[in-house]
Amino acid sequence: MNNVIKILSTNKDYRVAIADTKKIAERELAGFTGEIAVRDFLAQFITNCALLSGINDFGSKISVSLRLSEEDSAFCLITGQALSLEYSGTLNLHRKNLSDLFDCKSIMTVTTGDWQTGLHTGTVEAYIDNIDMLFSHFAMQSDQLPSQFIIAKEDRSRGILFQPLPFAEHDTMQKASQELAYLSEKLEQADWEDVPALYAHLGKVVSQSKIE
């Protein structure tokens, strides 16, 4: 079953990627024995990586390295349709607040592209313990299009990436962002096969793909 949907708005002024990574998270985090908050954080990390891949060319390789501290880190690699996650075993032992995983040296590095078209690598300080805001911060600081990552409140395996295009009007994008935030609540409850219809009023589904 396809689990990533890409939509182009009716006025062609923004793009949206929608992902469901529940089965991937169940597989990649099957051996995780730590706190629920840390597991949710890693599940969100997977979802955001899938969204980043979904908004780009699926033929491109995407890797995201999150260095939290000297001991704690996570690494996600997407090549074609295959996603893999690695994380340090110390995350199983973390019993403090999620924010305590971060320090002044925390960074996130994202590499996209392939050997034919070239690889692009960007790095930002990871001082935000909200993974959605961290990915949005990366998009703002890198030369990629500014993007907003919206993860469902309860189901961390479902999320939306909202990416305005360069000629988009600010007021229109604000309204679109608010609409997508509202729809993220419905996305959480919807059957996956009904998701395209849920967003049909915003634009046209231009692709459906699978990451596993």
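Everything quoted here is computed from the prediction, not taken from an experiment. (Residues numbered from 1 in each chain as written. Predicted model: local features only at pLDDT ≥ 70, side-chain atom pairs only at ≥ 80, totals over all residues. Heavy atoms only, no water.)

### Remarks on the sheet that holds strand β6 (residues 107-114)
An order of β5-β4-β3-β6-β7 is seen for the 5 strands of this open sheet, with the pairing classed as antiparallel. Of all the strands in the sheet, just β5 (82-87) and β7 (118-125) have a single pairing partner and so form its edges. Within the sheet, the average angular offset between the axes of one strand and its neighbour, ignoring direction, is 10°. For strand β4 (residues 73-79) and β5, the ladder comprises 6 bridges, and the chain directions are antiparallel. Among the inter-strand pairings, Phe 75 is bridged to a residue of β5, identified as Glu 86. Sitting on the sheet, helix α2 (residues 36-55) is in contact with β3 (61-67), β4, β5 and β6, with an inclination near 30° to β4. The sheet strands contacting helix α3 (residues 131-141) are β3, β6 and β7, and the helix crosses β7 at an angle near 120°. (Pairing = 2+ DSSP bridges. Helix = DSSP H or I, 4+ residues; strand = E, 2+ residues; numbered from the N terminus. Axes fitted to C-alpha atoms, helices over the stretch in contact; angles between N-to-C directions. Contact = heavy atoms within 4.5 Å.)

### Digging into the nonpolar core
Within the largest apolar cluster, 42 residues are counted, with the highest numbers of intra-cluster contacts made by Leu 29, Phe 45, Val 64, Leu 66, Met 108 and Phe 135. The biggest single contributor to this core is α2, with 11 residues. Core analysis: the next-biggest nonpolar cluster, separate from the first, contains 20 residues, Ile 5, Ile 18, Ile 150 and Trp 192 among them. (Core = buried A, V, L, I, M, F, W, Y, C linked by side-chain atoms within 4.5 Å. Buried < 20%, exposed > 50% of the residue type's maximum accessible area, 1.4 Å probe, protein only.)

### So, the sheet that holds strand β8 (residues 148-151)
The 5 strands lie next to each other as β8-β9-β2-β1-β10, forming an open sheet whose pairing is antiparallel. On the outer flanks of this sheet lie β8 and β10 (203-209), each paired with one strand and no other. With direction set aside, neighbouring strand axes in the sheet form an average angle of 20°. Note that strand β2 (residues 14-20) and strand β9 (residues 158-164) share 7 bridges and pair antiparallel. Pairing of Asp 20 across the sheet is with Arg 158, part of β9.

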